[in-house]
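Residue strings, one per chain:
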Amino acid sequence: AVVYGGQKMEPQIKALQAKPQIVVATPGRLMDHYNRKNLRLDKVHTVVLDEADRMLDMGFFKDVTHILDKLKNKNDRQLDVPARRGGEHHPRRPGE
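Residues numbered from 1 in each chain as written. Predicted model: local features only at pLDDT ≥ 70, side-chain atom pairs only at ≥ 80, totals over all residues. Heavy atoms only, no water.

Novice: Explain the confidence of the model for the protein chain residue by residue, including any values.
Specialist: Looking at the protein chain, the pLDDT average stands at 81 and 75% of residues meet or exceed 70. When mean pLDDT is taken per element in the protein chain, helix α1 (residues 9-17) scores highest with 97 and strand β6 (residues 88-90) scores lowest with 52. (pLDDT = per-residue confidence, 0-100. Helix = DSSP H or I, 4+ residues; strand = E, 2+ residues; numbered from the N terminus.)

Right, dumping it as structure tokens:
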């Protein structure tokens, strides 16, 4: 499912009700759906923060940390933060 702001909620809700294996979302819209109980975060295994530096620059730090705080079993989760060097993606994991 793909969920992001500026779009109607109903098609996104229907996509989430289908219990997708992958959800691609902007932080604000993800929190909208979480707060409306349209999705759960306790079963999440992998979080990818693409362009995390831009999200932080745009003021999404609070939303991103709030989302990460909602994950259960934080020790059993994988967090990927792709880093850009020379225009190429280089996946980087915390602690590397």
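Novice: Lay out unusual backbone geometry with the relevant residues and their values.
Specialist: Here K19, not a glycine, exhibits a phi torsion of approximately 55°, which is positive. Examined against the element boundaries, K19 turns out to sit in the loop between α1 and β2 (24-25).

Novice: Hey, could you go over the environment of F60 for me, with residue numbers and the actual values?
Specialist: With respect to the helices and strands, the residue F60 is situated in the loop between α3 (52-57) and α4 (61-70). Overall, the relative accessible area of 24% leaves F60 in the partly exposed class. With 34 residues separating them along the chain, F60 and T26 place their C-alpha atoms 9.5 Å apart. Each residue touching F60, except ones within four places of it in the same chain, is listed here: P27, G28 and M55. (Buried < 20%, exposed > 50% of the residue type's maximum accessible area, 1.4 Å probe, protein only. Contact = heavy atoms within 4.5 Å.)

Novice: Kindly report on α1, identifying the contributing residues and their values.
Specialist: Within α1, burial applies to M9, Q12, I13 and L16. The buried residues of α1 occupy an angular sector of 100° when projected down its axis, which confines them to one face. Among the exposed residues of α1, those oriented more than 90 degrees off its buried face are P11 and K14. Tucked into the core, α1 has its buried residues touching β1 (2-3) and α2 (27-35). Phi turns positive one or two residues past the end of α1, at K19, with a value near 55°. (Arc of directions from axis to C-beta.)

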